[in-house]
Amino acid sequence: MLLYGRNPVLEALQGGRVSELLVAKGIEEAFVRELKTFDVRLKFAPRIELDQLAGTTQHQGVLAEIEDLEWATVDDILDRADEKGEQLLIILLDGITDPRNFGAIIRSAEVLGAHGVVVEERRSAPLSPVVAKAAAGATSYLPVAQTKNLPRLIDQLKEDNVWIYGAAGEAATDLRRLDYDRRLALVIGAEGEGMRRLVREKCDELVSIVVRGQVQSLNAGVAAGILIHHAVSSRPAVTKP
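Residues numbered from 1 in each chain as written. Predicted model: local features only at pLDDT ≥ 70, side-chain atom pairs only at ≥ 80, totals over all residues. Heavy atoms only, no water.

Participant: Before we move on, can you summarise the packing of helix α5 (residues 99-112) against helix α9 (residues 220-233) with the specific residues and values?
Facilitator: Interhelical geometry of α5 versus α9 gives an angle of 15 degrees and a closest axis separation of 9 Å. In terms of orientation, α5 and α9 fall into the roughly parallel class. In this structure, α5 crosses over α9, and the sense of that crossing is right-handed. Of the residues in α9, those touching α5 at N101, I105, S108, A109 and L112 are A220, G221, A224, G225, I228, H229 and V232. Along the lines of polarity and charge, the residues of the contact of α5 with α9 split into seven nonpolar, five polar and no charged. (Axes fitted to C-alpha atoms, helices over the stretch in contact; angles between N-to-C directions. Helix = DSSP H or I, 4+ residues; strand = E, 2+ residues; numbered from the N terminus. Parallel < 35°, antiparallel > 145°, perpendicular 65-115°, else oblique. Left-handed = near helix turned anticlockwise from the far one by under 90°. Contact = heavy atoms within 4.5 Å. Nonpolar A, V, L, I, M, F, W, Y, C, P; charged D, E, K, R; others polar.)

Right, here's the structure in full:
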């Protein structure tokens, strides 16, 4: 897979996942020196060649050849929380098909301290270069899993004492009124449509974010970031041994 964008490429280099770099001729020497600190072959090419390979002009002058991104498992996410000694915080996406939104949510989840993201197999954008760029390298660190049936996974999580909070703009309950000091899954629905009826009905609580402007809804990626931040900051601080 071809990965593009400076931050995602640097993260992949640090993770040892890059086999070769293609760099635009004329790019600033300071960035080239930084790339040369990694033991990876550099090839230089006209910028138009990178435009054609990436399918965009937004590659920032560098492409990296890496192995295809691989899906984790839900068990990987549960294990991550256990290994950190933290209460589970898992993000469930119901119909997020825009790759930039998908990548932005992965980025927020990793940066803010969630343990992983799960999507339904047939109702999600694939793990693509666009997702990886929007995630700004977070796909190298955060497990992202697929499930064949999201409502069934929610049932399994509930059997494992995980509470399910679903984001819904029309919900009467303000996000500040809920208890986040528990094993928790946050469900983010599709742009416009929100969560499917069956997914909504399986949530223990529906939660909304108070808005004060004339526009009455938030982008799904922004809403996810606000909810994740509030969930993590509402929990007691973990003191590591």
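Participant: I'd love a proper account of a nonpolar patch on the surface, names of residues and values included.
Facilitator: On the surface, L218, V222 and I226 cluster together to form a nonpolar patch covering roughly 210 Å² of accessible area. Positionally, I226 belongs in helix α9. (Patch = residues over 30% accessible without salt bridge, like charges linked within 9 Å, V, L, I, M, F, W, Y side chains within 5 Å. Areas by Shrake-Rupley, 256 points an atom, 1.4 Å probe, with all protein chains shown as cover. Salt bridge = Lys/Arg side-chain N within 4 Å of Asp/Glu carboxyl O.)

Participant: Please give an account of the packing of helix α1 (residues 6-14) against helix α2 (residues 29-36) that cites residues and values.
Facilitator: Packing of α1 against α2 brings their axes to within 11 Å, and their N-to-C directions diverge by 25 degrees. Comparing their axes, α2 and α1 come out roughly parallel. Residues R6, L10 and L13 of α1 lie in contact with α2, whose contacting residues are F31, E34 and L35. Among the residues forming the contact of α1 with α2, the class breakdown is four nonpolar, no polar and two charged.

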